[in-house]
Amino acid sequence: MVPKYRCGYIALVGRPNVGKSTLLNRLLGQKISITSKRPQTTRHRILGIKTGKTAQFVYVDTPGLHRYNGRAMNRQMNRAASQALQDVDVVVFIVEGMRWTADDDLVLKELERIRCPVVLAVNKVDLIANKEELLPALQALSEKRSFDQIIPLSAVRGDNIAELESCVEALLPESAPFYPEDQVTDRSERFLVAERVREKLFRKLGKELPYGLTVEVEDFRRDTGIIHIHALIWVERQSQKNIVIGKQGRVLKEVGQQARLDIEQLLDSKVNLKLWVKVKEGWADDERALRSLGYTDDY
Ligand SMILES: Nc1nc2c(ncn2[C@@H]2O[C@H](COP(=O)(O)OP(=O)(O)O)[C@@H](O)[C@H]2O)c(=O)[nH]1
Ligand SMILES: [Mg+2]
């Protein structure tokens, strides 16, 4: 008998920085979500779609659930993460092999309300030097709640990714695909471009990174053989603008070069990228400004 086609939504949830976006990109075999060492790199819910011969996987990458400091953007990010848990067919709960924190407990608590299967993905096992430590760690994790399966893996190295995928596939409902087979995300090219610029800033600025920094693509124009892109980098204060620009414009120049190369790969075209830094005070505290910059519950 020919197996029926399967399709469904799979939420990738976990505290900030456990490797959700890295895992998404690994599962898709291409980069959709941006990643960095900084917690809270992912601010929006984003779909990554993988279509195979026997199943279509619609992964939902989410901002990490975390105890927040009362600012509107954090509240919005937690809301996006919680909402992503509604109406999915499978949840992949991602943790780090050897590190359990209070934010992991927060996610665990959030999962109490979930009725669908939950798979525990134990990421970053490449960091465990002594492999004998893994087994007791998995044992301890298995006592946190009942999981449909526990899979140790490494999103960075690609270890055990196929096992995770086939485990998820078996848990998906039988259904025709929801999306056309060539569609890889629900997000626009403009959004993906803005994210690439933000990723380079997050990676370059490290601890100096302004909390409220965001990127908006103002102009996106295809010409023969080249795409012209103007992007605005929003910060909250003049002092932050100076950090983003750097001495003699060095930071902005480097970020612009790295982002351009990355965007050229994304769009498979030559790109002319222009970046501007602008100050808009207090936007990360302001629900209305958040909406105008695309931080909405739905889109
Ligand atoms: N060593 C190691 N690092 C990883 C692994 N997966 C992710 N990371 C790193 O963890 C950091 C956070 O990853 P990211 O995907 O942005 O985490 P997210 O906040 O959960 O989406 C990045 O620096 C990744 O390179 C892994 O399997 N092994
Ligand atoms: Mg992320």
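Up top is the structure.
Only a predicted model underlies this, so the values are computations on that prediction, with no experimental measurement involved.

Even after reading the chapter, I still don't get the overall build of the protein chain, so can you show me in this structure?
Summing up its helical and strand segments, the protein chain has 9 helices and 9 strands in all. Its C-alpha atoms give the protein chain a radius of gyration of 20 Å, within 12% of the compact-globule value 19 Å for 299 residues. Counting across all 299 residues of the protein chain, residues that qualify as buried make up 51%. Intrachain contacts of the protein chain at a sequence separation of at least 6 include 72% that bridge at least 24 residues. Total accessible area computed for the protein chain in this model is approximately 14700 Å², and 48% of it derives from carbon and sulfur atoms.

Even after reading the chapter, I still don't get the coordination of the magnesium ion (ligand 2), so can you show me in this structure?
Note on metal sites: the ideal angle is 109.5 degrees for four tetrahedral donors, and 90 or 180 degrees for six octahedral donors. Within the protein, Ser21 (OG) and Thr42 (OG1) serve as the donor atoms for the magnesium ion (ligand 2), at 2.0 to 2.2 Å. Highlighted residues: serine 21 in helix α1 (residues 20-28) and threonine 42 in the loop between α1 and β2 (46-51), separated in sequence by 21 residues. Each member of the pair serine 21 and threonine 42 is classed as buried.

Can you help me understand the site of ligand 1 in this one?
Residues in contact with ligand 1 amount to 18 residues; listed here are only the nearest, Asn17, Gly19, Lys20, Thr22 and Asp126. Separating an oxygen atom of ligand 1 from a backbone N or O atom of asparagine 17 is a distance of 2.8 Å. Asparagine 123 is positioned with one of its side-chain polar atoms (N or O) 3.0 Å from an oxygen atom of ligand 1. Relative to its unbound accessible area of 590 Å², ligand 1 is 87% covered by the protein chains. For the shell around ligand 1, the element with the highest residue contribution is α1, accounting for 3 residues. Here the residues of the shell around ligand 1 are counted per class, giving 5 nonpolar, 9 polar and 4 charged.

In this structure, what is going on with the sheet that holds strand β6 (residues 149-152)? I would like to understand it.
Strand pairing in a sheet takes place through backbone hydrogen bonds and is either antiparallel or parallel in direction. Strand order across the open sheet formed by 6 strands is β2-β3-β1-β4-β5-β6, with mixed pairing between neighbours. Either end of the sheet is taken by a strand with one partner, and the two such strands are β2 and β6. Looking at each pair of strands side by side, their axes are set apart by 25 degrees on average, direction ignored. Bridging between strand β4 (residues 90-96) and strand β5 (residues 118-123) involves 6 bridges; their strand directions are parallel. By the bridge assignment, isoleucine 94 is partnered in β5 with alanine 121. Packing of helix α5 (residues 161-171) onto the sheet brings it into contact with β1 (6-13), β2, β3 (55-61), β4, β5 and β6, and relative to β3 it is tilted by some 105 degrees.

Hey, could you run me through helix α4 (residues 134-142) in this one?
Because an α-helix completes one turn every 3.6 residues, residues spaced three or four positions apart along the sequence face the same direction. Considered for burial, the residues of α4 that qualify are Leu134, Ala137, Leu138 and Leu141. Seen along its axis, α4 keeps its buried residues to an arc of 100 degrees; they face one direction. On its buried face, α4 sits against β4, β5 and β6.

About the thresholds
The numbers attached to residues start from 1 for each chain and follow its sequence in the written order. Lettering of chains starts at A and numbering of ligands starts at 1, both following the order in which they are written. Only residues with pLDDT of at least 70 are given local features in this predicted model, and only at 80 or more are side-chain atom pairs given and counted; all residues enter the totals for whole chains, interfaces and linings. Values shown for side chains rest on all heavy atoms present in the structure; no hydrogens or waters enter the calculation. Under the DSSP-based scheme used, a helix requires at least four consecutive residues in state H or I and a strand at least two consecutive residues in state E, with every element numbered from the N terminus. Only the C-alpha atoms count toward the radius of gyration. The rule for a globule is 2.2 Å times the residue count to the power 0.38. Burial classification: accessible surface area is computed with a 1.4 Å probe over protein chains only, and a residue below 20% of its type maximum counts as buried, one above 50% as exposed, and the rest as partly exposed. Throughout, a residue-residue contact means that at least one pair of heavy atoms, one from each residue, lies within 4.5 Å. Here the Shrake-Rupley method, with its probe set to 1.4 Å, supplies the accessible areas, and only the displayed protein chains count as covering residues. Metal donors were taken as nitrogen, oxygen and sulfur atoms no farther than 2.8 Å from the ion, or 3.2 Å where the ion is Na, K or Ca. Water is excluded, so coordination may look unfinished. It suffices for a single heavy atom of a residue to lie within 4 Å of a molecule or strand for the residue to be listed as near it. Under the rule applied, a polar contact is a pair of N or O atoms within 3.5 Å (in protein, one hydrogen donor and one hydrogen acceptor; residues adjacent in sequence only if both atoms are side-chain atoms). In the scheme used here, Gly and all other residues not listed as nonpolar or charged are polar, with Ala, Val, Leu, Ile, Met, Phe, Trp, Tyr, Cys and Pro taken as nonpolar and Asp, Glu, Lys and Arg as charged. Two strands are counted as paired when DSSP detects at least two bridges linking them. The angle between two axes is taken between their N-to-C directions and runs from 0 to 180 degrees, where each axis is a line fitted to C-alpha atoms and a helix contributes only its stretch in contact. Note that the arc is computed from the directions linking the helix axis to the C-beta atoms.

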